[in-house]
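# Structure assessment
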Amino acid sequence: MAEPQLFIVVDDSRSDSFVFGPIPWTTTTLPEWFNGTSQSSDFALQNTSQLGTMQMKFEGTSVAFFGVTPSVSGDSQTFAVSIDGSAPYNTTYSDPNPPTYRQWYQTPLLAEGTHNIALSNIAGASVDFAVVTVGENTSLTGQHVIADNDDPGFTYDGKWKRSQAEFNSGPQPDGNPYHNTTHQTNDIGDLFTYRFSGSSAAIYGIFTWSNLGLITLSFTLDGQSLSQTYRVNADSPQFVSELGQQQNFLFYSYDFLQSGDHTLVVNLTDCANQTFAFDYITFTPSFSTLATMPNLTLALPISNGTGQPLAKKSHTAAIVGGIAGVIILLLFGGLIFVFRRRRRGKGRYKPDPKPPSSHFQHRLALLSLHRCMMITLPWA
């Protein structure tokens, strides 16, 4: 069995993790960015003698950066990387069609611990957030776990489709969802279930502002449900401005939960000319390290769309009924076998001087069957 992996998301606004400079980067504020902001080195596109540099300190085994790759201009597709003070090496954004919103760099696998990464010669790229791969004993205090829609902890019920399609962001650069996939549906009643141990949670996806219509979702956390409708009208500002599809769209967040284990069920309850595209969930973990993360996948499956386990009684009744049916079938088979042996044996054995009447044998067989059927199973 593969070892469990865990990832934490670090927003560009985290000054305890990022340093952008010495030439200051530009902070842009748009709803498409995770938590609403990103950092951009656009100044380097106008002045190639002033290229962008940035540093990040993280604890874990790897880090990846997400944002917009720069437009093609001179050496804009190449930048330099130094890890833990090592000699810098050149690499590229690996983007076949820049500019694109995507993961544009990831470090090699490193030893678990604290690391410093420095990027230089950056001409126009932006940083929206970083994702750190944690080790067994990486501290999770004050962090936010990010779980992709492909995480094995998600259970999908219905006609969901796994999509690797890019999103069309209108006036902004198009791009890829987190880890390049979403789960999508427009079938009413489709739902997914996710169990986590934490004190907050947020559900993100891709929302299409170019389609007039609506979707309604019910969010059921530990059996308590609420409903939200997301509507696009002809006068919606995003429709008028031809925004297109919005990545990192926050469908709902639970900000103040009791720390502990929770079950979340998200159900599509109404849909008109729209598609629910689910991308990822973030949550504040209740556990301190990956090594102490509880295994919530061992719990009973949720399939009734309410966040409550199916009643055990129905399963027990089905088992008892099946066993009782088998017992009755065996009893009938045994009686037929006995009667046939008695009939075949009349020519071989000398009958008793005073055999019981056939009427008496018949009553005795019925009485035995009745007693067997009256047995009360101890688990019924």
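Source: prediction; values computed, not measured. (Residues numbered from 1 in each chain as written. Predicted model: local features only at pLDDT ≥ 70, side-chain atom pairs only at ≥ 80, totals over all residues. Heavy atoms only, no water.)

Here we take up the overall build of the chain. Within the chain, the regular secondary structure consists of four helices and 22 strands. Burial statistics for the chain: of 380 residues in total, 43% are counted as buried. For the chain, the proportion of contacts with a sequence separation of at least 24, taken over those separated by at least 6, is 80%. Within the structure as shown, the chain displays about 20,500 Å² of accessible surface, and the carbon and sulfur contribution to it stands at 55%. (Helix = DSSP H or I, 4+ residues; strand = E, 2+ residues; numbered from the N terminus. Buried < 20%, exposed > 50% of the residue type's maximum accessible area, 1.4 Å probe, protein only. Contact = heavy atoms within 4.5 Å. Areas by Shrake-Rupley, 256 points an atom, 1.4 Å probe, with all protein chains shown as cover.)

Further remarks concern the side chain of S62. Looking at where S62 falls in the secondary structure, it is placed in strand β6 (residues 62-68). With relative accessibility at 4%, the residue S62 sits in the buried group. A polar contact is formed between the side chain of S62 and the side chain of Q106, at a distance of 3.3 Å. A polar atom in the side chain of S62 sits 3.1 Å from the side chain of T107. What S62 contacts, discounting residues up to four positions off in sequence, is Q106, T107, P108, V131, V132 and T133. (Polar contact = N/O pair within 3.5 Å; in protein donor to acceptor, adjacent residues only side chain to side chain.)

Glancing now at the nonpolar core. Counting 62 residues, the largest nonpolar core has M56, F65, I117, F251 and F276 as its most contacted members. Here the element with the most residues in this core is strand β17 (residues 191-208); it accounts for six residues. Residues F7, F66, I146 and F167 belong to the second largest nonpolar core, which totals 18 residues. (Core = buried A, V, L, I, M, F, W, Y, C linked by side-chain atoms within 4.5 Å.)

What follows is about the sheet that holds strand β2 (residues 18-20). Strand order in the open sheet formed by five strands is β2-β5-β10-β7-β8, with antiparallel pairing between adjacent strands. The open sheet has two edge strands with one neighbour each: β2 and β8 (89-92). Pairwise comparison of adjacent strand axes, ignoring direction, gives a mean angle of 25° for this sheet. Judged from the four bridges that link them, strand β7 (residues 78-83) and β8 form a sheet pairing that is antiparallel. In the strand pairing of β8, V81 is matched with Y89. (Pairing = 2+ DSSP bridges. Axes fitted to C-alpha atoms, helices over the stretch in contact; angles between N-to-C directions.)

A separate point is the sheet that holds strand β3 (residues 26-29). Neighbouring strands of a sheet are bound in pairs by backbone hydrogen bonds; such pairs are parallel or else antiparallel. On the basis of which strands lie adjacent, the open sheet formed by three strands has the order β3-β4-β11 and antiparallel pairing. With partners counted over all chains shown, the strands left at the sheet margins are β3 and β11 (126-127), one partner each. In this structure, strand β4 (residues 37-40) lies alongside β11, joined through two bridges in antiparallel fashion. The partner of S40 across the bridge, within β11, is S126.

As paired strands, strand β5 (residues 52-60) and strand β10 (residues 113-122) are joined by eight bridges and run antiparallel to one another. Within the sheet, the bridge partner assigned to Q55 lies in β10 and is A118. Strand direction decides the pairing type here: β7 and β10, joined by four bridges, are antiparallel. Residue pairing in the sheet places S82 in a bridge with A118 of β10.

Counted according to the given criterion, the structure contains 39 aromatic pairs. Considering the side-chain rings of Y230 and F249, the 6.0 Å spacing of their centres and the 80° angle between planes classify their relative orientation as edge-to-face. Of the two residues, Y230 sits in strand β19 (residues 224-232) while F249 sits in strand β20 (residues 245-254), which places them 19 residues apart along the sequence. When sorted by exposure, Y230 lands in the same class as F249, which is buried. (Phe/Tyr/Trp six-rings, centres within 6.5 Å; stacked < 30°, edge-to-face > 60°.)

Next up on the list: the environment of S71. Within the secondary structure, S71 is located in the loop between β6 and β7. Once the C-alpha coordinates of S71 and P99 are considered, the two residues, 28 residues apart in sequence, prove to be 5.0 Å apart.

Any link to function would need more than the numbers given here.
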